[in-house]
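Here's the letter readout for the chains.
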Amino acid sequence: MKDDRLNRIRHFLYLNGPSNINDLASAIGASLPTLRRDLVVLEEEGVIDRVHGGARLAAGSNVEVSFNERESENADAKRAIADAAYKMLKPHSTVFLDAGTTVLQLAQRLRIEPLPLTVFTNGLAVAQALLNTPKVKVTVLGGNLRNENASLVGPLAESMLDRLWFDQLFLGASAIKDDGAIYSIDLSEASINARMLGRSTERILLADHSKFARAATYLVAPLSACTHSITDRDVPPDWQQRIRNMGVHLTIGGDATAEETAA
C-alpha cells in the first residue's frame, strides 16, 4: 500500500505540478500525517522537493508515468501537433515513427486519412494504431521490449536501424533542457533516438510546450540536429526564437500561419 501511495504521489505531481499538501492528501486518499511521512521518503530518494505547504517534483527527477497517463496529458496540444505533422507527410515515402505519445497521435491521424506510406516504428502502440490501415505498410523493429514506453530498444533494434534510411523521422521527446538539447528519461531510449536522427533526411521533432525547459538525465542530441520542430501555441516566445536561431524550421500546431523558417 505504501508503494502504491508513493507512485500515486509521483503521478499526481507529474500531471499537476507543484501542489499543496491538502490537495495531495485528497487526491491520494491518505491522512495528512501519512502523507507527510511519504513525502519525507520521496524527498530522501531525491524524487521530490518539499516546499512551504506542499511539494513538487525535484528538478531532473527520473519519474516516468505510465504510457496511458502520458497519452492523455496535453491531449489537445498533441492533436494539434499531430495534425500539423500529418500535413508534412509525403505519399510514397518511407517514414519512421518513434514510440512517443505525440507521435502516436500522428499515427492515429494517419489511420483516419490514410496515405500510401512505408512506415517503420519501434512503438507497439503506434503499430497497433496502424493495424489494417489501407495504403500503409508497417514494419516494426525487433529488440528489447521497454514496458514503460511500449517501445523496442537495445542493440538488436539499433543494428536494424543501421541498415535502413528514412525520408522522414517523427520524433518525440521527454525533455528539452535550457541548454537547447533533447533528453530522455531512459538510457536505451536516448540511444535509439540518437540513432534514428542519424538515419533520416528530414528529422521532425514533435514536442508540446510541457517538454521545454524541463530536465531529464540522458542526452539524445542537440535540438539543432532536427530539421523541423512542431509544437503548440503555449511554447514561450523566447523558446520559439531560440528554435529559429538554431536554423530549425518551426511550426505551431493549430496556427494557420504556422510554418516559419529561421531568421
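Just so it is clear, the structure is predicted and the values come from calculations on it, not from any experiment. (Residues numbered from 1 in each chain as written. Predicted model: local features only at pLDDT ≥ 70, side-chain atom pairs only at ≥ 80, totals over all residues. Heavy atoms only, no water.)

**Some thoughts on the pattern of salt bridges**
Counted by the stated rule, this structure contains 13 salt bridges. Put simply, Asp4 and Arg8 hold a salt bridge, and the shortest N to O gap is 3.0 Å. One end of the pair is Asp4 and the other is Arg8, both in helix H1 (residues 2-16) and four residues apart, which spans about a single turn. With a relative accessible area of 43%, Asp4 lands in the partly exposed category. Given a relative accessible area of 33%, Arg8 falls into the partly exposed group. The partner of Arg146 in a salt bridge is Asp186, with the nearest N and O atoms 3.3 Å apart. In this pair, Arg146 sits in strand S7 (residues 144-146) while Asp186 sits in the loop between strand S11 (181-184) and helix H9 (187-197), placing the two residues 40 residues apart along the sequence. (Salt bridge = Lys/Arg side-chain N within 4 Å of Asp/Glu carboxyl O. Helix = DSSP H or I, 4+ residues; strand = E, 2+ residues; numbered from the N terminus. Buried < 20%, exposed > 50% of the residue type's maximum accessible area, 1.4 Å probe, protein only.)

**Details of the side chain of Asn122**
Tracing the chain through its elements places Asn122 in the loop between strand S5 (117-121) and helix H7 (124-129). Classification of Asn122 as buried rests on a relative accessible area of 0%. A polar contact of 3.4 Å, which involves the side chain of Asn122, links it to the backbone nitrogen of Ala99. In contact with Asn122, other than residues within four places in its own chain, are Phe96, Leu97, Asp98, Ala99, Leu141, Ala150, Ser151, Leu152, Val153, Glu189, Ile192 and Met196. (Polar contact = N/O pair within 3.5 Å; in protein donor to acceptor, adjacent residues only side chain to side chain. Contact = heavy atoms within 4.5 Å.)

**Focus: the confidence of the model for the protein**
A low pLDDT score tells you not to read the predicted coordinates there in detail. Of the residues in the protein, 89% have a pLDDT of 70 or more, and the chain-wide mean is 88. Every residue in residues 257-263 is under pLDDT 50, and counting partners more than four places away or in other chains gives 15 contacts. (pLDDT = per-residue confidence, 0-100.)

**Section: helix H10 (residues 237-245)**
Along an α-helix, residues three or four apart share an orientation, since each turn contains 3.6 residues. Looking at H10, one finds that the buried residues are Trp239, Gln240, Ile243 and Arg244. Each buried residue of H10 lies within a common arc of 145° when the element is viewed along its axis, so the set occupies one face. Those residues of H10 that are buried are in contact with strand S10 (175-176), strand S14 (228-231) and strand S15 (249-252). Directly beyond the C-terminal end of H10, a positive phi value near 85° is found at Gly247. (Arc of directions from axis to C-beta.)

**Some details on the sheet that holds strand S4 (residues 94-97)**
The sheet built from seven strands is open, its strands ordered S6-S5-S4-S9-S12-S14-S15 with parallel pairing. Lying at the two open borders of the sheet, with one neighbouring strand each, are strand S6 (136-140) and S15. Pairs of neighbouring strands in the sheet enclose a mean axial angle of 20°, with direction left out of account. Relative to strand S9 (residues 166-171), S4 runs parallel, the two sharing three bridges. Considered in S9, the bridge of Phe96 is made with Leu169. (Pairing = 2+ DSSP bridges. Axes fitted to C-alpha atoms, helices over the stretch in contact; angles between N-to-C directions.)

**Regarding the side chain of Thr133**
Structurally, the position occupied by Thr133 is in the loop between H7 and S6. For Thr133, a relative accessible area of 5% corresponds to the buried category. Setting aside residues up to four positions removed in sequence, Thr133 forms contacts with Leu110, Arg111 and Pro114.

**Section: unusual backbone geometry**
Of note, the phi angle at Lys135 is positive, near 80°, even though the residue is not glycine. Summarising the element assignment, Lys135 is placed in the loop between H7 and S6. Of note in the backbone geometry, Ala213 takes a positive phi value of approximately 55° without being a glycine. In this structure, Ala213 sits in the loop between strand S12 (200-206) and strand S13 (218-222).

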